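# Notes for the structure review
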Amino acid sequence: MALQSLDIVRRSATTMPEPGVRQSYTGKVAKLIDTTKCIGCKACQVACMEWNDLRDDIGTNVGSYQNPADLSDRSWTLMRFAEYENPKGDLEWLIRKDGCMHCADPGCLKACPSPGAIVQYSNGIVDFHEENCIGCGYCVTGCPFDIPRISKKDKKAYKCTLCSDRVAVGLEPACIKACPTGALVFGTKEEMQQHAGERIEDLKSRGFEHAGLYDPAGVGGTHVMYVLHHADQPQLYSGLAVDPHISLMVRAWNGRTKPLALAAMALTALAGFFHFVRVGPNEIDERDEAAARQAMEAAQKAPGAGTPPAANPPPNRNTELRP
Amino acid sequence: MSDDERRATLVRYGAGERTNHWLVALAFVLAAFSGLALFHPALFWLSNFFGGGPWTRVLHPFIGLFMVIVFVLLAASFWDENRMRPADWQWLRQYRDVVNNREERLPEVGRYNAGQKLLFFVIVACLLGLLLSGIVIWRAYFSLYFSVGVIRLASLLHSVCALVLICAILVHIYAAIWVKGSLHAMLRGTVTPGWAWKHHRAWFRQITHAPHPRSRTD
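Residues numbered from 1 in each chain as written. Chains lettered and ligands numbered in written order. Predicted model: local features only at pLDDT ≥ 70, side-chain atom pairs only at ≥ 80, totals over all residues.

### Comments concerning the overall build of chain B
Spelled out, the test is: Each helix is a run of DSSP H or I of at least 4 residues and each strand a run of E of at least 2, with the numbering of both proceeding from the N terminus. The burial criterion counts other C-beta atoms lying within 10 Å of a residue's C-beta, which is placed from the backbone; the residue is buried at 20 or more, exposed at 12 or fewer, and partly exposed between these limits. Think of it this way: build a C-beta for each residue from its backbone, and any pair within 7 Å is a contact.
Broken down by element type, chain B carries nine helices and two strands. Beginning at the N terminus, the succession of helices and strands in chain B can be written as β-α-α-α-α-α-α-α-β-α-α. The buried share of chain B, taken over its 218 residues, is 35%. Counting contacts in chain B only where the partners sit at least 6 residues apart, residues at least 24 apart contribute 64% of the total.

So this is what it looks like as structure tokens:
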């Protein structure tokens, strides 16, 4: 980890900056998923399983080619198949490779309470360090794309790493390597945006007037981007988020609110301390004891006003006279 | 034991009530420390008291549940005497006299004063909020039954209730330091007649059957 740890720009649950002298001068990386070129062969799923040594349970048929049915702790990427009938009445088979989007502003990292369980590298990859994961599931709550999955086996959170281990040594992610149609490409984010631009131009010239790049600004852009035929309707692609952003409720209990809450607690304790210093304790003195003694004696003497407790004790909370 | 302490004492809390109170208190401290460990990075070190991060995550909800259960028992026995009465609102309006130790100007107080009653109901409300939201965010058993929107709301609610509760308990702890004799009442169960006379006069009359000054004939 020695030098790799210098490439971490953000760690979860830390309030001080990370070591920052090393910069990613070669730029940030991105994976581009061209849904218009995808044939749904699932070679990327298989490559992911192989490289990461993952074998999910055998699932059940959910009525489409989608298999497994959903992402899991052992299925970090998945082809989602949607059948869309366009206004002309034609069927469009919209296939989208789902997985972590590697947000520039990651909701999972912001929500995570465990220091260093989620990190962001200078190349843009958002990675889980499971040895620090405590299994609380806040990353699931923070994610605008419903990606992290908690393992039933070890209660740790898992998701696509963008093959951070391969990328760190100059290789492309396993899924990219396996894609037979060129629907998956990998490079610097700038290159990928350029490449997407060419693809979109081509698509527009062929009648897909709403073709466009999915690189949502609500999460600061993503390091996994889509070329969509219908960029105006991302929800057609098995519910891809239209305007993803970190939920207001997640931001409300993170960010500035937490230090303010701690300050409120500290101020409450301080208020008590200074009350003691300025006003002082509330003590009883001899006069209170004398008045109480007098009242108790009067109670024993005055039969009309009350009976002595010793003669007629109330059912509970009795007085106890000690010699 | 000094001469003062050898005088007659009044029983304020029985052994059962004291045990119950301190079980709630211990559970609160553990729940608050484990919760604060997960609340802010600056306090994550508190998780060391619980055996590390994952153990803190595992134990926190069970500690919280235990606190709710023992508090329900405590609340059941304290409930009736914590009902707000008209004189309590007058007591609250005179909060300046309260914080400046001018107790002689305040209306007579029963077993609990309005501040204690308010604290009681703040705890009831906060614990109810913490219990309900805590179930929703208890990922090992219950989160799968709720949508992510509900879980997000519950996480926020859990933090807010915990903040209010912790501040309320800090006030409660300080009040025990401030009003001398209260801590002894909860630790050993007894108070001196003068203590009851000064701080809870209506309760004093009730348990000693001491007549009200206005009803005196002499």
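After presenting the structure, the write-up continues.
### What to know about the overall build of chain A
What counts is decided by this rule: We compute the radius of gyration from the C-alpha atoms alone; for a globule the expected value is 2.2 Å times N to the 0.38, where N is the number of residues.
Scanning chain A from N- to C-terminus turns up nine helices and 12 strands. Radius of gyration (C-alpha) of chain A: 32 Å, far over the 20 Å computed for a compact globule of 323 residues. The principal-axis extents of the C-alpha atoms in chain A amount to approximately 105 × 50 × 40 Å. When each of the 323 residues of chain A is scored for burial, the buried share is 39%. Relative to all contacts within chain A whose residues are 6 or more apart in sequence, the contacts with residues 24 or more apart total 61%.

### Side note on helix α6 (residues 189-205) of chain A
All names here are of chain A. Put simply, the test is: Given a helix with a known number of residues, its expected span is that number minus one, times 1.5 Å. In this description, one arc is meant: the one made by directions from the helix axis to the C-beta atoms.
Here α6 contains 17 residues, and its C-alpha end-to-end distance of 24 Å stays within 8% of the 24 Å for a straight helix at 1.5 Å per residue. Those residues of α6 that fall on the buried side of the exposure criterion are Lys189, Met192, Ala196, Ile200 and Leu203. Projected down its long axis, α6 shows its buried positions confined to an angular sector of 75°, all on one face. Pointing more than 90 degrees away from the buried face of α6 are the exposed residues Glu190, Gln194, Glu198, Glu201 and Ser205. The inward-facing, buried residues of α6 contact β2 (29-34), β9 (184-188), β10 (212-214) and β11 (224-228). Trailing α6 by a residue or two, Gly207 shows a phi angle of about 100°, which is positive.

### Quick word on the confidence of the model for chain B
To be explicit about the condition: You can read pLDDT as the predictor saying how much it trusts each residue, on a scale of 0 to 100.
Residues of chain B with pLDDT of at least 70 account for 93%, and the chain-wide mean is 92. As scored by the predictor, the complex reaches a pTM of 0.90 and an ipTM of 0.89.

### Some points on the sheet that holds β9(A)
All names here are of chain A. For clarity, the threshold we go by: Strand pairing is assigned whenever DSSP detects at least two bridges linking the two strands. Every axis corresponds to a line fitted to the C-alpha atoms, with the helix fit spanning only the stretch in contact, and the corresponding angles, defined between N-to-C directions, vary from 0 to 180 degrees.
If you trace the four strands from one edge of the open sheet to the other, you get β9-β2-β11-β10, paired in mixed fashion. Two strands bound the open sheet, and with one partner strand each, they are β9 and β10. Along the sheet, successive strands turn relative to each other by an average axial angle of 25°, direction set aside. Looking at chain direction, β2 and β11 are connected through four bridges and run parallel. Looking across to β11, one finds that Leu32 is bridged to Met225.

### Side note on the pairing of strand β3 (residues 78-85) of chain A
All names here are of chain A. In this structure, β3 lies alongside strand β4 (residues 91-98), joined through eight bridges in antiparallel fashion. Bridge pairing in β4 links Met79 to Lys97. Here β3 folds back onto β4 in antiparallel fashion, the turn holding five residues, of which Gly89 has a positive phi close to 90°.

### A short note on the interface of chain B and chain A
How we decide: Just so you know the grouping, Ala, Val, Leu, Ile, Met, Phe, Trp, Tyr, Cys and Pro go in nonpolar, Asp, Glu, Lys and Arg go in charged, and all remaining residues, Gly too, go in polar.
On the chain A side, the residues contacting the 51 residues of chain B number 55 residues. Of all the secondary structure elements, the ones that give two or more residues to the side of chain B that touches chain A are β1 (9-11), α1 (15-39), α2 (53-78), α6 (148-178), α8 (193-199) and α9 (201-208) of chain B. Per-class residue counts for the side of chain B that touches chain A are 31 nonpolar, 15 polar and five charged.

### Regarding the sheet that holds strand β6 (residues 126-128) of chain A
All names here are of chain A. An order of β1-β5-β6 is seen for the three strands of this open sheet, with the pairing classed as antiparallel. Of all strands in the sheet, those with a lone pairing partner are β1 (8-11) and β6, marking the two edges. Direction aside, neighbouring strands of the sheet carry axes that sit 30° apart on average. Here strand β5 (residues 118-121) runs beside β6; their pairing, made up of three bridges, is antiparallel. Paired with Ile118 across the two strands is Phe128, which belongs to β6.

### Section: helix α9 (residues 286-301) of chain A
Taking 1.5 Å of rise per residue, 16 residues should cover 22 Å, and α9(A) covers 22 Å from first to last C-alpha, within 8% of that figure. Every buried residue of α9(A) is accounted for by A:Ala292, A:Ala295, A:Met296 and A:Ala299. Down the axis, α9(A) shows its buried residues gathered within 95° of arc, on one side only. Among the exposed residues of α9(A), those pointing more than 90 degrees away from its buried face are A:Glu286, A:Arg287 and A:Lys301. Its buried side turned inward, α9(A) meets α8 and α9 of chain B.

### Considerations on the nonpolar core
Rules: The term nonpolar core means buried Ala, Val, Leu, Ile, Met, Phe, Trp, Tyr and Cys residues held together as one set by C-beta atoms within 7 Å.
A:Leu32, A:Cys112, A:Ile118, A:Cys139, A:Cys175, A:Leu184 and A:Met225 are the most contacted members of the largest nonpolar core, which has 74 residues in total. With near-sequence residues (within four places) excluded, A:Cys139 lies in contact with A:Cys108, A:Ala111, A:Cys112, A:Ile118, A:Pro148 and A:Ala157. Among the nonpolar cores identified, the runner-up in size contains 21 residues, and A:Ala261, B:Val24, B:Val70 and B:Ala162 belong to it.

### Observations regarding the pairing of β2(A)
Residue and element names in this part refer to chain A. Counting buried residues in β2 gives six out of six residues, a clear majority hidden from the surface. The side-chain alternation of β2 yields two buried faces, one formed by Val29, Lys31 and Ile33 and the other by Ala30, Leu32 and Asp34. Strand direction decides the pairing type here: β2 and β9, joined by five bridges, are antiparallel. Counterpart to Val29 in the pairing with β9 is Thr188.

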